[in-house]
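Examination of the molecular architecture
The residues making up each chain are set out below.
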Amino acid sequence: MTDAFYQSLPIFTRFEGVADARNYQPLPQDWVLAVADIVGSTKAIAEGRYKQVNMAGASVISAVLNALGHEDYPFSFGGDGAMVALPAHHAEAARAALAAVRAWAGRELALDMRVALVPIADIRQAGLDVAVARFAASPLVSYAMFTGGGASWAERQMKAGRYTIEAKTEAPPDLTGLSCRWSPMQAHNGEIVSIIAQPTSPATMAQFEALVSAIIQVTAEQSRNGHPVPEEGPQLAFSTDGIKAETLAFAPRQRLLQSLRIRLLVALTALLHRLNIPLGRFDTRRYTRDVAANSDFRKFDDGLKMTVDVDEPHRLRIEKLLAEAEETGVCRYGIHRQDSALMTCFVLSPMTRNHMHFVDGGGGGYAIAASKLSGKRSTDPV
């Protein structure tokens, strides 16, 4: 059964393997990609609304996976958008979830979201592919990595108005498990740098793989490989904007009660953490350590994506590697610097340890890096 395709993939544990084609398997022919992004995200970020943009992007993953009743389909989070791959027999459920989350984002967050379902068969007919691999961020959680150019093609088709899904529904999306409670995490090594680097063609993949390895070697010289989340986990503190955004997933009459409930839970967790007291099977210090371990601060989605905490000398070395690779036609890249990182979480149950945490830059992150990459594309000769 194609439902079991992703779970059957072997898992690799060394991140350097993300650029190795041998770790990837093509998605089944009868699958589809659910894709989404925020229109005008750069403007929203300039208005100080990146927490909402970030949550809207993660809400796509939450809504689709909850609609399917299955958390183990491959997905990718991109800051102001997301993608989920799934078998075509789930397409109608995914379509309804995408319509609901698009309507919710417009109604509650005042964000215009594009959503689409793109068949893998159409991607292959266009001469591209979508292959997927499983990378273990920790012994508890693995994330999907994508290559083949098909995911980027699907996004471009959506932006061109193809495969789009209208938001003709008042039904709320099921965002159970979506959490936005953590405060921004300040840089410790120097600054938080969000990087997107994409190969220019299959002919340069060997050079691109060497570039990825070189960048990883640079970040490995920083504490925790440049991981922006402290090893003991993020600081337990209220994020007013995050809690407000999270409560918008509930009906208006429930929001005050949910806001109070979330604040009490955070306060209780902080107290238990300080006193190092478990609550039944829930150990707060183990949980925050798992948060750090289970975070997707680096990934591969038709190219390298990293949000890392590095000092200036290491950042300059990374930028030099990227600039030289771009000059020789190996890659295109976009990079954005900021002083903090954001984290949005998908926690099905706090009693299990396989909770997922999506990391991005706190001042625009991947969305701004992607806009710089797109600006370079627009000047390329046809």
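As shown above, the structure is provided for reference.
Residues numbered from 1 in each chain as written. Predicted model: local features only at pLDDT ≥ 70, side-chain atom pairs only at ≥ 80, totals over all residues. Heavy atoms only, no water.

1. Looking at the overall build of the chain
Quick note on the threshold: Under the DSSP-based scheme used, a helix requires at least four consecutive residues in state H or I and a strand at least two consecutive residues in state E, with every element numbered from the N terminus. Every radius of gyration here is taken over C-alpha atoms, with the globule rule written as 2.2 Å times N^0.38, N being the number of residues. Only protein chains enter the accessibility calculation, which uses a 1.4 Å probe; a residue whose area is less than 20% of its type maximum is buried, one above 50% is exposed, and one in between is partly exposed.
A tally of regular secondary structure across the chain gives 11 helices and 16 strands. For 382 residues, the compact-globule estimate of 2.2 N^0.38 gives 21 Å, and the chain sits close to it at 20 Å. Over its C-alpha atoms, taken along the principal directions, the chain stretches across nearly 55 × 50 × 40 Å. The buried share of the chain, reckoned over its 382 residues, is 54%.

2. Things to note about the packing of aromatic side chains
Working definition: an aromatic ring pair is given by the centre-to-centre distance plus the angle between the planes. Note the cut-off: The aromatic pairing rule takes the rings of Phe, Tyr and Trp, using the six-membered ring of Trp, and pairs them if the centres are within 6.5 Å, calling planes under 30 degrees apart stacked, those over 60 edge-to-face and the rest tilted. Only when the NZ atom of a Lys or the CZ atom of an Arg is both within 6 Å of the ring centre and within 35 degrees of the ring normal do we say a charge sits over the ring.
A full pass over the atoms with the stated rule returns 10 aromatic pairs. When the ring of phenylalanine 208 is compared with that of phenylalanine 300, the centres are 6.2 Å apart and the planes differ by 70 degrees; the resulting orientation is edge-to-face. Of this pair, phenylalanine 208 sits in helix H6 (residues 205-220) while phenylalanine 300 sits in strand S12 (residues 298-300), and the two are 92 residues apart along the sequence. The structure contains a cluster of three or more aromatic residues connected by ring pairs, namely Phe75, Phe77, Tyr143 and Phe358. Of note, arginine 134 hangs over the ring of tyrosine 6, and the distance from its end group to the ring centre comes to 5.0 Å. The cationic tip of lysine 305 hangs over the ring face of tyrosine 366; the distance from NZ or CZ to the ring centre is 5.9 Å.

3. Some details on the pairing of strand S3 (residues 31-39)
Worth spelling out the cut-off: Strand pairing requires that DSSP identify at least two bridges connecting the strands.
Within S3, 8 of the 9 residues are buried, which leaves the element mostly enclosed by the surrounding structure. Summarising the sheet, S3 and strand S5 (residues 81-87) pair through 7 bridges and their orientation is antiparallel. Residue pairing across strands places tryptophan 31 opposite proline 87, the latter belonging to S5. Where S3 meets strand S6 (residues 112-119), 8 bridges bridge the pair, whose relative direction is antiparallel. Across the sheet, leucine 33 pairs through a bridge with valine 118, a residue of S6.

4. Points about the packing of H6 against helix H10 (residues 312-327)
The relative placement of two packed helices comes down to the angle between their axes together with the axis-to-axis distance. Rule in force here: Axes, fitted as lines to C-alpha atoms, cover a helix only where it is in contact. Angles between the N-to-C directions of the axes lie from 0 to 180 degrees. These descriptions rest on fixed angle ranges, namely under 35 degrees for roughly parallel, over 145 for roughly antiparallel, 65 to 115 for roughly perpendicular, and the rest for oblique. By definition in these notes, contact holds between two residues if any of their heavy atoms fall within 4.5 Å. Classification used: nonpolar for Ala, Val, Leu, Ile, Met, Phe, Trp, Tyr, Cys and Pro, charged for Asp, Glu, Lys and Arg, polar for all others including Gly.
As a packed pair, H6 and H10 sit with axes 9 Å apart at the nearest point and diverge in direction by 175 degrees. Taken together, the axes of H6 and H10 lie roughly antiparallel to each other. Contacts between H6 and H10 involve Leu211, Ala214, Ile215, Val218 and Thr219 from the former and His314, Arg317, Ile318, Leu321, Leu322 and Ala325 from the latter. When its residues are assigned to classes, the contact of H6 with H10 shows 8 nonpolar, 2 polar and 1 charged.

5. Here's the deal with the side chain of serine 152
Tracing the chain through its elements places serine 152 in helix H5 (residues 150-159). Every residue in contact with serine 152, bar those within four places of it in the chain, is listed here: Gln198 and Asp302.

6. Details of the sheet that holds strand S11 (residues 191-199)
Strand order in the open sheet made by the 4 strands is S12-S13-S11-S14, with antiparallel pairing throughout. Edge strands, defined here as strands with exactly one partner in the open sheet, are S12 and strand S14 (331-338). Across the sheet, the mean angle from the axis of one strand to that of its neighbour is 15 degrees, orientation sign disregarded. Examined bridge by bridge, S12 and strand S13 (residues 304-310) share 3 bridges and lie antiparallel to one another. Within the sheet, the bridge partner assigned to lysine 299 lies in S13 and is lysine 305.

7. Let's talk about the side chain of aspartate 309
Applied cut-off: Only four residue types enter the tally: Lys and Arg on the positive side, Asp and Glu on the negative side; His and the chain ends are excluded. For this analysis, a salt bridge means a side-chain nitrogen from Lys or Arg found within 4 Å of a carboxyl oxygen belonging to Asp or Glu. In protein, a polar contact means a hydrogen-donor-capable atom and an acceptor-capable atom, both N or O and within 3.5 Å, with residues adjacent in sequence counting only if both atoms are side-chain atoms; elsewhere, any N or O pair within 3.5 Å suffices.
Here aspartate 309 shows up in strand S13. Buried and unpaired, aspartate 309 has arginine 224 as its nearest opposite-charge partner, separated by 8.6 Å. A distance of 2.7 Å separates the side chain of aspartate 309 from the backbone nitrogen of histidine 188, its partner in a polar contact. Sequence-distant contacts of aspartate 309, defined by excluding residues within four places in its chain, comprise Ala187, His188, Asn189, Gly190, Glu191, Ile192, Gln222, Gly226, His227 and Pro228.

8. As for the nonpolar core
As a reminder, the rule being used: Definition of nonpolar core: a set of buried residues of the types Ala, Val, Leu, Ile, Met, Phe, Trp, Tyr and Cys, connected through side-chain atoms within 4.5 Å.
Membership of the largest hydrophobic core comes to 115 residues, with the highest contact counts inside it found for Leu27, Leu33, Val84, Met113, Met145, Leu322 and Phe358. Ranked by residues supplied to this core, first place goes to helix H2 (residues 50-68) with 11 residues.

9. Considering the pattern of salt bridges
Per the counting criterion, the structure on display carries 20 salt bridges. Arginine 107 is the salt-bridge partner of glutamate 108, the closest N and O atoms lying 3.6 Å from each other. Note that arginine 315 and glutamate 312 form a salt bridge whose closest N and O atoms lie 3.7 Å from each other. On the criterion of helical spacing, the pair formed by arginine 315 and glutamate 312 is a turn pair, its members being 3 residues apart in helix H10. One salt-bridge network, held together by shared partners, links Glu191, Glu312, Arg315, Glu319 and Arg337.

10. Quick look at the packing of helix H8 (residues 255-275) against helix H9 (residues 284-293)
Interaxial distance between H8 and H9 falls to 8 Å at its minimum, and their mutual angle equals 105 degrees. One way to sum up the angle between H8 and H9 is to call them roughly perpendicular. From H8, Thr269, Leu272, His273 and Arg274 reach across to H9, where they touch Thr284, Arg285 and Thr288. For the contact of H8 with H9, the residue count by class is 1 nonpolar, 4 polar and 2 charged.

11. Details of the pairing of strand S15 (residues 340-346)
Burial of S15 is extensive: 7 of the 7 residues sit out of reach of the surface. Neither face of S15 is left uncovered, since the one carrying Ser340, Leu342, Thr344 and Phe346 and the one carrying Ala341, Met343 and Cys345 both have all their residues buried. Bridge count between strand S9 (residues 178-179) and S15: 2 bridges; the pairing is antiparallel. Paired with serine 179 across the bridge in S15 is cysteine 345.

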